[in-house]
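Coordinate analysis (summary)
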Amino acid sequence: MFSRPIPELRRADQFGLKVVILFAASIALYSNAEANWRVEPAVGIGFQYDDNANLIPDSAIDSSVNGYLLDAEARFVYETPLTNVSLVPSVLLNRFDESQLDSEDYFLDLTYKYAAQRSTFEIWGTYADESVRTAERANVDLDVEDPDLIPDDNSGSVLFTENRQRLGFRPRWTLKAGQRSSFRIGANYIDVSYDDSVSQFLTDYSQATGDATYEIKVSERAAFVVKGYYRENDFSVAGSDFSGYGATLGLNRSLSERTRLTANVGAEISEDDFGADETNTVGDISLIHKSQTSQFLASYRRNISGSGTGALSLRDSINLNVTRRIGPKVSIGAGVAAYSTSALDATSATVEDRDYIQLRARFSRNFTRVFSVDVDYRYTSIDREILAGDADSN
């Protein structure tokens, strides 16, 4: 169905192998499962058009493309009174009239939760092998429920069609210390690598964070939160490793049974390999509402993050999502993702200084349990200091 020129047979073989491994493992898992497992497969197909696929600044270069996509996933869910597991392998196939932009993207998402009487253990795991052109954008995720799970390490470098591999692992353990207090220990590990052909523009990197949080209730609906953390950033470029540590004070408040507000503010000290340090204010505030038919998330975050540019930046980001299900087969959604970054290292200012915004609207129609069609619109704009002029796409 997807014929390719002879020089690209090797890439096509890799594509087929990955699909076979991904879904064979999923089918084996399901076929050997007990009754507590269930599977929710889904297939989406569609036509797509982008008038500036590579977000090239004001230029005479035409980067408009059109083509089709195939999106397939299988959601495996395991549930018992104490345990909940979700494993979602998926494949996204893009084909354009400009074949150099064709891509095969692979994803695997894992969620694990074990809730005992006094403690809870959770794991979030992600793996993505996708085109740099889409991976380095801050795309609006209309399905995310936790603002802490929104990636903050995209670089905005979307001029390349090579691939990026990103692995994320986030465990968290919570212990109820009494009727009013709880203690939480967590970690977050990210490892990102790029194809060798873009190594002179984007650098491999990893980030490891450990944190400890103490929460005490001051009423039935409100609790104060104290958090301390330590972070290490390791870039493949020599002499560009960083570490940081900080603390925040916060408030968690339930506004209703389905709505909650969280707010945190604090400071972080970042240090480089040469001992130079810098202190910055960090924090976040979010409002989350979830019901059987709708979901709303609004968040603002100010934090220190690294990316494929090989440098740390101070990042201010806003995410706003709303989705609603209209009947059993139709759902709508809209969202905004925006951020502004500034380099901590003055020598990296031209690389790290950028402003970004994406607007998204989606209409979904399910025809059967496994087949659906989406109408999805995105407007993206980016202004990068390293490139003259801003760029936008529809």
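Numbers given to residues run from 1 along each chain, matching the order in which its sequence is written. Where totals are concerned, whole chains, interfaces and linings use all residues; where local detail is concerned, this predicted model gives features only for residues with pLDDT of at least 70, and gives and counts side-chain atom pairs only at 80 or more. Side-chain measures were taken over the full set of non-hydrogen atoms in the model, leaving aside hydrogen atoms and water.

In this analysis a 1.4 Å probe is tested at points of a 1 Å grid over the protein atoms alone, and where it fits but cannot get out there is a cavity; an open set with protein on both sides within 12 Å along at least five of seven lines is a pocket; lining residues have an atom within 4 Å of a point. Grid points are joined across faces, edges and corners, and a volume is the space filled by probe spheres set on the points. One pass over the full model with this rule turns up one cavity of 30 Å³ or more. In this structure, the largest cavity is lined by Asp152, Asp153, Ile190, Tyr205, Gln207, Asn233 and Gly306. Under the scheme applied, nonpolar residues are Ala, Val, Leu, Ile, Met, Phe, Trp, Tyr, Cys and Pro; charged residues are Asp, Glu, Lys and Arg; polar residues are all the others, including Gly. Class assignment of the residues belonging to the lining of the largest cavity gives a composition of two nonpolar, three polar and two charged.

Attention now goes to a nonpolar patch on the surface. Any residue with relative accessible area above 30% and no salt bridge may belong to a patch, with like charges joined within 9 Å and the nonpolar Val, Leu, Ile, Met, Phe, Trp and Tyr side chains within 5 Å. Residue exposure ignores everything except the shown protein chains as possible cover, and the areas themselves are Shrake-Rupley values with a 1.4 Å probe. By salt bridge we mean one thing: a side-chain nitrogen of Lys or Arg within 4 Å of a carboxyl oxygen of Asp or Glu. On the surface, a cluster of nonpolar side chains totalling about 780 Å² of accessible area is made up of Leu82, Tyr114, Phe121, Trp173, Phe183, Ile185, Tyr214, Val226 and Leu249. With respect to the helices, strands and loops of the structure, Tyr114 is situated in strand β4 (residues 103-115). A 1.4 Å probe rolled over the protein chains alone gives each residue an accessible area, and that area as a share of the maximum for its type sets the label: buried under 20%, exposed over 50%, partly exposed in between. Here Tyr114 falls in the partly exposed class, since its relative accessible area comes to 33%. Helix and strand definitions follow DSSP, with helices as H or I runs of at least four residues and strands as E runs of at least two, each counted in order from the N terminus.

By the definition in use, this model includes 15 salt bridges. For Arg301, the salt bridge identified is with Asp148, shortest N-O distance 2.6 Å. One end of the pair, Arg301, is in strand β13 (residues 294-306); the other, Asp148, is in the loop between α2 (132-135) and β6 (163-176), and 153 residues separate them in sequence. A residue is classified by how much of its surface remains accessible, and Asp148, at 34% relative accessible area, is partly exposed. Taken together, the shared-partner salt bridges connect Arg38, Glu40, Glu73, Arg75 and Glu79 into one network.

Two strands qualify as a pair provided DSSP detects at least 2 bridges between them. Relative to strand β8 (residues 205-217), strand β7 (residues 181-194) is paired through 12 bridges, and the arrangement is antiparallel. Its bridge partner lying in β8, Ile185 is registered against Ala212. Summarising the sheet, β8 and strand β9 (residues 222-235) pair through 13 bridges and their orientation is antiparallel. Directly across from Ile216, in β9, lies its bridge partner Phe224. A loop of four residues connects β8 with β9, the two strands running antiparallel in sequence.

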